[in-house]
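# Results of the structural survey
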Amino acid sequence: MEEFDAQKRVLLLKGIGVSPGIVIGTAYLLDRGIVETAHFCHLTASETDNEVERFKGALKESRDQLARIKKKLETDGKGKEHIRIIDAHLMILRDNMLINDTVKVIRDERVNAEWALKKVLKDLIEFFDRMDDEYLRQRSSDIEHIVNRVLLNLTGKKHESITDIKTPSIIVAHDLTPADTALMNKSVISGFLTDVGGSTSHTAIMARALEIPAVVGLESITRSVEAGGTVIIDGTTGTVIVNPSESVVEVYKKRQEKYLSYGRELFHYRDLPSETKDGRRIRLMGNMEMVDEIDTLLHHGAEGIGLYRTEFLYLNRKDSPTEEEHVKAYRQVAKKMAPYPAIIRTLDVGGDKLILDGNEYDEINPAMGLRAIRYCLKNPGIFKTQLRGILRASASGKLKVMFPMISGIDEIRHAKVILEEAKAELKAEGKAFDPDIKVGVMIEIPSAAIIADLIVKEVDFISIGTNDLLQYSLAIDRVNEHVAYLYEPFHPAVLRIIKTVADAAANAGVSAGVCGEMAGEAPYALILLGFGIEHLSMNAVSLLKVKRLVRSVSYAETKKICKNILNLPTARDVEQYISSKLPDIYKKEEFWN
Ligand code: PEP
Ligand code: MG
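Residues numbered from 1 in each chain as written. Chains lettered and ligands numbered in written order. Predicted model: local features only at pLDDT ≥ 70, side-chain atom pairs only at ≥ 80, totals over all residues. Heavy atoms only, no water.

## Brief notes about the confidence of the model for the chain
Defined as follows: What pLDDT expresses is the predictor's confidence in each residue, scored from 0 to 100. The contact criterion used is simple: two residues touch if any of their non-hydrogen atoms lie within 4.5 Å.
For the chain, the average pLDDT comes to 87, and 89% of its residues sit at 70 or higher. The low-confidence segment residues 1-8 (pLDDT under 50) makes 14 contacts with residues lying over four places distant or belonging to another chain.

## Looking at the coordination of the magnesium ion (ligand 2)
Test applied: Any nitrogen, oxygen or sulfur atom within 2.8 Å of a metal ion counts as a donor, with the limit raised to 3.2 Å for Na, K and Ca, and since water is left out, coordination shells can look unfinished. Segments assigned H or I by DSSP are reported as helices when at least four residues long, segments assigned E as strands when at least two residues long, and all are numbered from the N terminus. Each residue is placed in one exposure class: buried if its accessible area under a 1.4 Å probe, protein chains only, is under 20% of its type's maximum, exposed if it is over 50%, and partly exposed if it falls in between.
Those donors, E444 (OE) and D468 (OD), are the protein atoms that reach the magnesium ion (ligand 2), and they lie 2.0 to 2.3 Å from it. One end of the pair, E444, is in the loop between strand 14 (438-443) and helix 16 (446-450); the other, D468, is in helix 18 (residues 466-474), and 24 residues separate them in sequence. By relative accessible area, E444 is classed as buried at 2%. Under the relative-accessibility criterion, D468 is labelled buried at 2%.

## Section: the pairing of strand 15 (residues 461-464)
Selection criterion: Strand pairing requires that DSSP identify at least two bridges connecting the strands.
Residue alternation in strand 15 divides its side chains into two sets, F461 and S463 and I462 and I464, and both sets are buried. As judged from the four bridges shared by strand 14 and strand 15, these two strands associate in the parallel manner. Bridging across to strand 15, V441 finds its partner in I462. Bridging between strand 15 and strand 16 (residues 511-514) involves four bridges; their strand directions are parallel. Following the sheet pairing, S463 is matched in strand 16 by G513.

## Examining the pairing of strand 5 (residues 169-173)
With five of five residues buried, strand 5 is to be regarded as a mostly interior element. Of the two faces of strand 5, both are covered, the one formed by S169, I171 and A173 as well as the one formed by I170 and V172. Summarising the sheet, strand 5 and strand 6 (residues 189-194) pair through five bridges and their orientation is parallel. Across the sheet, the residue bridging to I170 is G191, located in strand 6.

And the structure:
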């Protein structure tokens, strides 16, 4: 969306806000665009030999540059995930298809190396664009980043490094590589804007982990901004204002101050116990995808990991992670979170998530297909490798294992049989693990919710995945914008289902948590408390906001509120009622609710 207000000379752009926060700053245009190259054809045999050598030299130079970045990240003590992404880029540089195809085009078509490489890149990108999976489509950007680096080295142009920027800036670029984001120094780079990108890109994930406000997918921001010009970023709403008038800057300074003071105020809650006015303890935990996120979660007062989405370990690669890779990742989580617990969710592949490379199951309706635990039970080798990894890491801290997308008792029993096999194998091999590791399941399918009273007899804990539970209860695809208006967490059916599950857990004395997005929003959290939920797991920025809510209500009050909402006929009625009951502070908030 693009609007131009000629009177105020303000250019207002709307992109995808991938990392929240408001910043006002000076634009720094980072040249990460398409590299212009010449086209030479009809080369002689010796000239093509020369081009192949030049290409190989540029590959080497690119590898050396990435190795230097990797070294710097290691010396700076940056997390393993950043380093893993650089390793993935180094792997692309060694990819035989990329190298051999380029050499073949140079020789067969007798063209210069730049031209040949661009041709190979075009084919690779077309190949990725044809993929159905959004995550894999976005991986083509990784290849583009790498090829651009090689092209810059071929053309002898300088690859400007983010670390060369010394004055406080907002980066504006066509695209940024994860290597760029990993090198950002927060005291210099206050935010970034890019033409391309989506919220699941590595760059976006890193921005969130580093807490740098960012808006991506702006299409033409590099053409709309001049170097040195003023820009405002609202990373929460995805709004960008270029060349703002003084009055607009004033408005945003006030918003920024409000946002910052809101954040500061929330930090008072960080070390206070998460308990209601009448003394009920509610454990607030973090949702995570990458080990790098743990520091931020701890900084925001997380008392454990309520959901480690382990899918990330399987991304960006052709094979599955080895047992050692699993052990390494989960051990880090166990150690960093100790003495708090961390719930490791086994692979939740399929649906709107990634499709494993080589997955032979072509599905018309993947959300209801062979996903998550169904996929794992059909692929016991992959499943057991992960379970062995979780078990071995459980010797280093307090880990729990959780199975996603359970629809009935048989799946739980089957998964537990494989877990027991893994334990027996490790025992025979003399490898350490926690023999009493707690086993839980996600309740995200209505059939599981309805028989929650039976499920709680089979497990140590349950966690309600409201994102999927809403999708399946209300029959709305969670990624289909046409039915997004029906995605109503206040829907009376949703509330009754959650209550059924919470009651079943309470009656059996089994701990019940919620780890879907509902847990991180104050109005929904209020209801979850009243239903008797004891654990809420959410992203870092929601933690303190929810802790403040917990501390500003009494459990008795929330129970009364919940009793009243169960008879309200529509989501709208529930919303109005809850709004009237929320502590005043939440009525004024603009940023998070
Ligand atoms: C959920 O479905 O609510 C959940 C937490 O799992 P995911 O969002 O990873 O599907
Ligand atoms: Mg889910």
